[in-house]
Amino acid sequence: MADEAYDRLANALDALPNRFPRTKSGVEIKILKWLYTPEQADVFSCLSRTPLSTEELAEKSGLPLEQVQEAIAVGAAGILGVAQRRFVDGQEKFRLGPFVLGIYEGTAETMDKEFAELFEQYMFEEGAAKAILEPQPGILGVVPVRNSVKRELLEPYEDIDAHFEKYERFMVMNCICRVQQNLLGSTCPTPVRRCAFVGLPAEVPVSEGVLDRETAVKLFDDLEQQGCIHLGFYGHIMGGGEPQFMGCCTCCADCCGIMRGITDMGLAEAPTRSNYRAVLKVDECIACGDCIQRCQVKAITEDSEGMPVFNRDKCIGCGQCVIACPVEAVEMEKLPEAERFKTPGSVEEWEEARMRNMGWIT
């Protein structure tokens, strides 16, 4: 019976637009067993995209209300999780949260080597990453680094400076990808605590995971100069209620599971590309090669004369080549209106767009 609960939960997660594809080896069941007890899996397997109260969930599952409430208390802990809280007409309800971006990220403080190996096997050795990352819109979207695009051209979703100006405190979390890769023996030099930068009220005390504005901005600057790419959360993920910059992962292609969809698996687009593409001003270029070295998706190569060649089809619009150029010979060009990605304003809008692109709905 216990295995049946995990099997039902795996199928329920795979029915979400984020996906949780099944494998021949069944490694996904091992992942769920690491995460949840059979009793918890029994409850969570009855969740879906439709929010339910604990009473409704108990009725649907046929399980005791006390068991449902205990499981939901665990599943709803943190910002993201397997049981995501919603308020419908003032009543607290819960819907099923995805494996990525959600359940997996919640293991940043508890992950061990066993889970790190299971995740690596599932996502990359057995290829689940393709089904999870390839459909568009992406789970996260590329946001250009600061000073790579003129601020007046930026949309609210892209305006990082406005975010830093708005808040006094910022939550900075451990990068789940670095945690996982470190357990597998990575020697990546970038800091572990480097993701989110979610704004908090000024009265929240400074701590290891809560930085004041000056400290947060300095860390953000350092990460940009190290070549990290910003993969922004859609505003609704952090409760923004409208498209705006709410925070981001700061990613390198060596560690980031989403970026590895491009670099390791050859996906054309794993994070959704930004609405800009890098353009070279040939007459101003000194062929120093800095842009080539900085590009993490190898969208810039070198011709026979040592000049950089920009591949527009591979460019994800991160802006790193712009801030790396010592003579300002690279600029970001905004895409025509017809080609621009329209940032979703709600979870439901994002899910429906993805389901249409996967052919699940018309």
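In case you missed it, the structure is sitting above this.
So, here is what we can say about the structure in this document. Quantities reported herein were computed from a predicted structural model and do not represent experimental measurements.

1. A short note on the overall build of the protein
Alright, step 1. Looking only at helices and strands, the protein has 15 helices and 12 strands in total.
Alright, step 2. Counting over 362 residues, the protein shows a buried share of 55%.
Alright, step 3. Total accessible area computed for the protein in this model is approximately 16,400 Å², and 49% of it derives from carbon and sulfur atoms.

2. Overview of helix H1 (residues 2-14)
Alright, step 1. With 13 residues, H1 extends 19 Å from end C-alpha to end C-alpha; this agrees with the ideal 18 Å at 1.5 Å per step.
Alright, step 2. Looking at H1, one finds that the buried residues are Ala5, Tyr6, Leu9, Ala10, Ala12, Leu13 and Asp14.

3. Looking at the environment of Val88
Alright, step 1. Relative to the helices and strands, Val88 is located in strand E1 (residues 83-88).
Alright, step 2. Relative accessible area serves as the criterion here: at 32%, Val88 is assigned to the partly exposed category.
Alright, step 3. Measuring from C-alpha to C-alpha, the distance between Val88 and Pro51 comes to 8.0 Å, with 37 residues separating the pair along the chain.
Alright, step 4. In contact with Val88, other than residues within four places in its own chain, are Pro51 and Lys93.

4. Quick word on the nonpolar core
Alright, step 1. Within the largest apolar cluster, 115 residues are counted, with the highest numbers of intra-cluster contacts made by Leu32, Ile72, Phe99, Tyr122 and Leu231.
Alright, step 2. It is helix H7 (residues 113-125) that provides the largest number of residues to this core, a total of seven residues.
Alright, step 3. If near-sequence neighbours (up to four positions away) are discounted, Ile72 is found in contact with Val43, Phe44, Leu47, Thr54, Leu57, Ala83 and Phe94.

5. Quick look at unusual backbone geometry
Alright, step 1. Residue Leu101 follows Val100 across a cis peptide bond; omega there is 5°.
Alright, step 2. Note on placement: Leu101 falls in helix H6 (residues 99-103).
Alright, step 3. Backbone geometry at Lys298 places phi at a positive 55°, although glycine is not the residue there.
Alright, step 4. Its location among the elements puts Lys298 in the loop between helix H13 (290-294) and strand E10 (300-302).

6. Re helix H4 (residues 54-61)
Alright, step 1. Every buried residue belonging to H4 is among Thr54, Leu57 and Ala58, and all of these are buried. Seen along its axis, H4 keeps its buried residues to an arc of 100°; they face one direction.
Alright, step 2. At its buried positions, H4 is contacted by helix H3 (38-44), helix H5 (65-75) and strand E2 (91-96).

7. Some remarks on the packing of aromatic side chains
Alright, step 1. Taken as a whole and judged by the stated rule, the model has 16 aromatic pairs.
Alright, step 2. Between Tyr36 and Phe44, the aromatic rings sit 5.1 Å apart at their centres with planes inclined by 70°, giving edge-to-face as the arrangement.
Alright, step 3. Under the relative-accessibility criterion, Tyr36 is labelled buried at 9%.
Alright, step 4. The ring of Phe124 carries Arg260 above its face, with NZ or CZ at 3.8 Å from the centroid.

8. Things to note about the state of the cysteines
Alright, step 1. Enumeration according to the criterion identifies zero disulfides in this entry.
Alright, step 2. Free cysteine Cys195: the closest other cysteine sulfur is in Cys175, separated by 4.0 Å.
Alright, step 3. Residue class for Cys195 comes out buried when judged on its relative accessible area of 5%.

9. Some points on the pattern of salt bridges
Alright, step 1. According to the stated counting rule, one finds 26 salt bridges in the structure shown.
Alright, step 2. The residue Asp7 makes a salt bridge to Arg22 at a minimum N-O spacing of 2.8 Å. Of this pair, Asp7 sits in helix H1 while Arg22 is found in the loop between H1 and helix H2 (27-35), placing the two residues 15 residues apart along the sequence.
Alright, step 3. Relative accessible area serves as the criterion here: at 31%, Arg22 is assigned to the partly exposed category.
Alright, step 4. Between Lys281 and Glu284 there is a salt bridge, with the nearest N and O atoms lying 3.8 Å from each other.
Alright, step 5. Taking relative accessible area as the criterion, Glu284 reaches 40% and is therefore assigned partly exposed.
Alright, step 6. Several salt bridges share partner residues, and in doing so they unite Arg146, Asp161, Asp221 and Glu224 into one network.

10. Considerations on the pairing of E2
Alright, step 1. Across six bridges, E1 lies against E2 in antiparallel orientation. Considered in E2, the bridge of Arg85 is made with Phe94.
Alright, step 2. If you look at the hairpin formed by E1 and E2, you'll find two residues sitting between the two strands, and Asp89 has a positive phi there, around 55°.

11. Quick word on the pairing of strand E5 (residues 193-200)
Alright, step 1. Counting buried residues along E5, seven of its eight residues qualify, which places the element largely inside the surrounding structure.
Alright, step 2. The pairing of strand E4 (residues 169-174) with E5 spans six bridges and is classified as antiparallel. Note on E5: the bridge partner recorded for Phe170 is Gly199.

So, how was this worked out
- Residues numbered from 1 in each chain as written.
- Predicted model: local features only at pLDDT ≥ 70, side-chain atom pairs only at ≥ 80, totals over all residues.
- Heavy atoms only, no water.
- Helix = DSSP H or I, 4+ residues; strand = E, 2+ residues; numbered from the N terminus.
- Buried < 20%, exposed > 50% of the residue type's maximum accessible area, 1.4 Å probe, protein only.
- Areas by Shrake-Rupley, 256 points an atom, 1.4 Å probe, with all protein chains shown as cover.
- Expected span 1.5 Å × (residues − 1).
- Contact = heavy atoms within 4.5 Å.
- Core = buried A, V, L, I, M, F, W, Y, C linked by side-chain atoms within 4.5 Å.
- Arc of directions from axis to C-beta.
- Phe/Tyr/Trp six-rings, centres within 6.5 Å; stacked < 30°, edge-to-face > 60°.
- Lys NZ or Arg CZ within 6 Å of the ring centre and 35° of its normal.
- Disulfide = S-S within 2.5 Å.
- Salt bridge = Lys/Arg side-chain N within 4 Å of Asp/Glu carboxyl O.
- Pairing = 2+ DSSP bridges.

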